[in-house]
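Secondary and tertiary structure notes
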Number of protein chains: 2
Amino acid sequence: MAKRIITISREFGSGGRFIGEKVAKKLGITYYDKNIISEIAEKSGLSPKYIQESAELSPKKGLFAYALAGRDITGKSVEDMVYEAQRKVILELAEKESCVIIGRNADFILRDWNAVLNVFIHGDMPEKIQRIMDLHNVEEKEAVKMMADTDKRRMTNYNFYTDQKWGKASNYTLSLNSSQLGYDRCEAIIMECVK
Amino acid sequence: MAKRIITISREFGSGGRFIGEKVAKKLGITYYDKNIISEIAEKSGLSPKYIQESAELSPKKGLFAYALAGRDITGKSVEDMVYEAQRKVILELAEKESCVIIGRNADFILRDWNAVLNVFIHGDMPEKIQRIMDLHNVEEKEAVKMMADTDKRRMTNYNFYTDQKWGKASNYTLSLNSSQLGYDRCEAIIMECVK
């Protein structure tokens, strides 16, 4: 296989991370998710804890407030610094090796690259809610709230930094409903696309 | 194979119709596209010519004008009559047999059905433009115009009747970029999903 990058964007609870990890294992390539936090932290000069809590996620406020908030005299917010560090780390990873990268607007950051497969994993409410309840050991009401919050923050962050619409099919090479197709079939389809 | 409906929504020039036709042939099931126009015409009492020109396509005006235009005293426009007839025909087809249905908001019309695979085919500009130039024997400028017009009218029609966003990944089980994946691979992936 030539060098190959797979980016996986996903709705919260859709199993996108799980599917990405399985694909990476099957292809024998590196899987990048939380394990790039320390690199982003180093590049941005911010703490790993802060990166973990804020990278890829905008604050809980709307796009307009987000665009205006916390900008210093140069017009750069802390989120911009995180984003810039994240962008550099992702470009370096893609330069270095074949890999699967979860989230972090990697589809957009690598938009001018060849041999990048951009995948979006989404799902149906009942299955996503059940998965969140099981994984995070929470009640249904809390799961619904977690899902809505996380997806809203991911969407706001994506739309702000990419000027594209999060979850729009045309941003991705491939979009899959994991509830209807099942995780194994999603994995098989992604494998079919990197053959 | 149990009864199986595949709906294919597509960007103009993405080859979605072509892929749908090949899938239908391979599965040995009926392919519905322009061949349902006469049935829609019969149900709506409008001429086949009118249906051909307007079904699935809104007039060349924005959503707001569209929502207000040409409504009679019952609040029903001619487009509403076409849509209603189209909806009935699609529900009857799905009731009757396994089939592939191209466009016409069939994904939304059959949203409460089991065993429906909703596919969205999109593509990159250069490949779509080239395909339109070849198929319709037009220059690049005209191809770009045809594409923009047709997709805008499909989108307006879809958004108006479904209250969903045309081309949003979560409306479909599966969305594929045919320029990046190739028509054969798109076909193979759809076949993988109906196994």
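What counts and how
Residues numbered from 1 in each chain as written. Chains lettered and ligands numbered in written order. Predicted model: local features only at pLDDT ≥ 70, side-chain atom pairs only at ≥ 80, totals over all residues. Heavy atoms only, no water. Contact = heavy atoms within 4.5 Å. Buried area = accessible area lost by both parts, 1.4 Å probe. Salt bridge = Lys/Arg side-chain N within 4 Å of Asp/Glu carboxyl O. Helix = DSSP H or I, 4+ residues; strand = E, 2+ residues; numbered from the N terminus. Nonpolar A, V, L, I, M, F, W, Y, C, P; charged D, E, K, R; others polar. Least-squares fit on C-alpha atoms with pLDDT ≥ 70 in both. Axes fitted to C-alpha atoms, helices over the stretch in contact; angles between N-to-C directions. Parallel < 35°, antiparallel > 145°, perpendicular 65-115°, else oblique. Left-handed = near helix turned anticlockwise from the far one by under 90°. Patch = residues over 30% accessible without salt bridge, like charges linked within 9 Å, V, L, I, M, F, W, Y side chains within 5 Å. Areas by Shrake-Rupley, 256 points an atom, 1.4 Å probe, with all protein chains shown as cover. Lys, Arg positive; Asp, Glu negative; His and termini not counted. Charge placed at Lys NZ, Arg CZ, Asp CG, Glu CD. Buried < 20%, exposed > 50% of the residue type's maximum accessible area, 1.4 Å probe, protein only. Pairing = 2+ DSSP bridges. Expected span 1.5 Å × (residues − 1). pLDDT = per-residue confidence, 0-100. Polar contact = N/O pair within 3.5 Å; in protein donor to acceptor, adjacent residues only side chain to side chain. Phe/Tyr/Trp six-rings, centres within 6.5 Å; stacked < 30°, edge-to-face > 60°. Lys NZ or Arg CZ within 6 Å of the ring centre and 35° of its normal.

Brief notes about the interface of chain B and chain A
- Across the contact, 22 residues belong to chain B and 22 residues belong to chain A.
- A buried area of about 1600 Å², summed over both sides, lies between chain B and chain A, and 56% of it is on carbon and sulfur atoms.
- Where chain B meets chain A, there are 0 salt bridges.
- For the side of chain B that touches chain A, the secondary-structure elements that each account for two or more residues are β4 (116-122), β5 (174-177), α9 (178-181) and α10 (183-193) of chain B.
- When residues in the side of chain B that touches chain A are grouped by element, the largest group, 5 residues, is from α10(B).
- The class makeup of the residues in the side of chain B that touches chain A is 10 nonpolar, 7 polar and 5 charged.

Re the relation of the copies chain B and chain A
- When chain B is fitted to chain A, the residual RMSD is 0.0 Å, and the transformation amounts to a turn of 180° plus an axial shift of 0.0 Å. The superposition operator between the copies reduces to a two-fold rotation axis.

Things to note about the packing of helix α2 (residues 37-44) of chain A against helix α5 (residues 78-96) of chain A
Residue and element names in this part refer to chain A.
- Relative orientation of the contacting elements α2 and α5 amounts to 120°, with a least axis distance of 8 Å. On the basis of the axis angle, α2 is oblique to α5. By crossing handedness, the relation of α2 to α5 is classed as right-handed. Residue-level inspection shows E39, I40, K43 and S44 of α2 in contact with α5, the latter providing M81, V82, A85, Q86, K88, V89, E92 and L93.
- Its residues placed into classes, the contact of α2 with α5 shows 6 nonpolar, 2 polar and 4 charged.

Points about a positive patch on the surface
- A surface patch of positive charge is lined by K165(A), K168(A), K165(B) and K168(B).
- Counting through the fold element by element, K165(A) comes out in the loop between α8 (140-162) and β5 (174-177).
- Residue K165(A) is classed as exposed on the basis of its relative accessible area, which comes to 57%.

Some details on the sheet that holds strand β3 (residues 99-102) of chain A
- The strand order β2(A)-β3(A)-β1(A)-β4(A)-β5(A)-β5(B)-β4(B)-β1(B)-β3(B)-β2(B) describes an open sheet built from 10 strands, whose pairing is mixed. Bordering the open sheet on either side are β2 (30-32) of chain A together with β2 (30-32) of chain B, each of which pairs with just one other strand. Going from strand to strand, the sheet's axes swing by 20° on average, the running direction of each strand aside.
- In this sheet, strand β3 (residues 99-102) of chain B lies alongside strand β1 (residues 5-10) of chain B in parallel orientation, the contact comprising 4 bridges. Across the sheet, the residue bridging to I5(B) is C99(B), located in β3(B).

Details of helix α8 (residues 140-162) of chain B
Residue and element names in this part refer to chain B.
- If you check α8, its first and last C-alpha atoms are 32 Å apart, about what 23 residues at 1.5 Å a residue would give, namely 33 Å.
- Inspection of α8 places A143, M146, M147, T150, D151, R154, T156, N157, Y158, N159, Y161 and T162 among the buried residues, and these make up the whole buried set.
- Positive backbone phi, approximately 55°, marks D163, located one or two places after α8.

Overview of unusual backbone geometry
- One non-glycine residue with positive phi stands out, namely R104(A), at about 60°.
- By the secondary structure assignment, R104(A) is in the loop between β3 and α6 (106-109).
- Taking the relative accessible area as the measure of exposure, R104(A) reaches 5% and is therefore buried.
- The phi angle at D163(B) is positive, at roughly 55°, despite the residue not being glycine.
- Note on placement: D163(B) falls in the loop between α8 and β5.
- Judged by relative accessible area, D163(B) falls into the exposed class, the value being 74%.

Concerning the pattern of salt bridges
- Counted under the stated rule, the structure contains 20 salt bridges over all chains.
- Residues E97(A) and K96(A) are paired through a salt bridge, measuring 3.8 Å at the closest nitrogen-oxygen approach.
- Taking the relative accessible area as the measure of exposure, K96(A) reaches 55% and is therefore exposed.
- One salt bridge connects D33(B) with R17(B), and the closest N-O pair in it is separated by 2.7 Å. Here R17(B) lies in helix α1 (residues 16-27) and D33(B) lies in the loop between β2 and α2 (37-44), a separation of 16 residues in the sequence.
- By relative accessible area, D33(B) is classed as buried at 6%.
- Taking relative accessible area as the criterion, R17(B) reaches 33% and is therefore assigned partly exposed.
- Three or more residues joined by partner-sharing salt bridges are found here, namely K22(A), K26(A), D184(A) and E187(A).

With respect to the confidence of the model for chain A
- Per-residue confidence for chain A gives a mean pLDDT of 87; residues scoring 70 or more make up 87%.
- Taking the mean pLDDT of every element in chain A, the minimum, 56, falls on helix α4 (residues 63-68) of chain A and the maximum, 98, on β5(A).

Points about the side chain of S98(B)
- Considering the arrangement of structural elements, one finds S98(B) in the loop between α5 (78-96) and β3.
- Side-chain polar atoms of S98(B) contact the backbone nitrogen of R4(B), separated by 2.9 Å.

A short note on the side chain of T150(A)
- Along the chain, the position of T150(A) falls in helix α8.
- In terms of polar contacts, T150(A) uses its side chain to reach the backbone carbonyl oxygen of M146(A), at 2.7 Å.

So, the packing of aromatic side chains
Residues and elements named next belong to chain A.
- In this structure the tally under the stated criterion is 10 aromatic pairs over all chains.
- Ring centres of Y83 and Y161 lie 4.1 Å apart, and the angle between their planes is 5°; on these two criteria the pair is classed as stacked. Of the two residues, Y83 sits in helix α5 while Y161 sits in helix α8, which places them 78 residues apart along the sequence. Judged on exposure class, the residue Y83 and its partner Y161 are both buried.
- Ring geometry for F120 versus W166: centroids 5.6 Å apart, planes at 90°, classification edge-to-face. Taken together, the residues span a long stretch of sequence, with F120 in strand β4 (residues 116-122) and W166 in the loop between α8 and β5 at a distance of 46 residues.
- On the basis of relative accessible area, F120 is assigned to the buried category, the value being 1%.
- Three or more aromatic residues joined by ring pairs make a cluster, and in this case those are Y83, F160 and Y161.
- Over the face of the ring belonging to F108 we find R111, whose NZ or CZ atom lies 3.9 Å from the ring centre.

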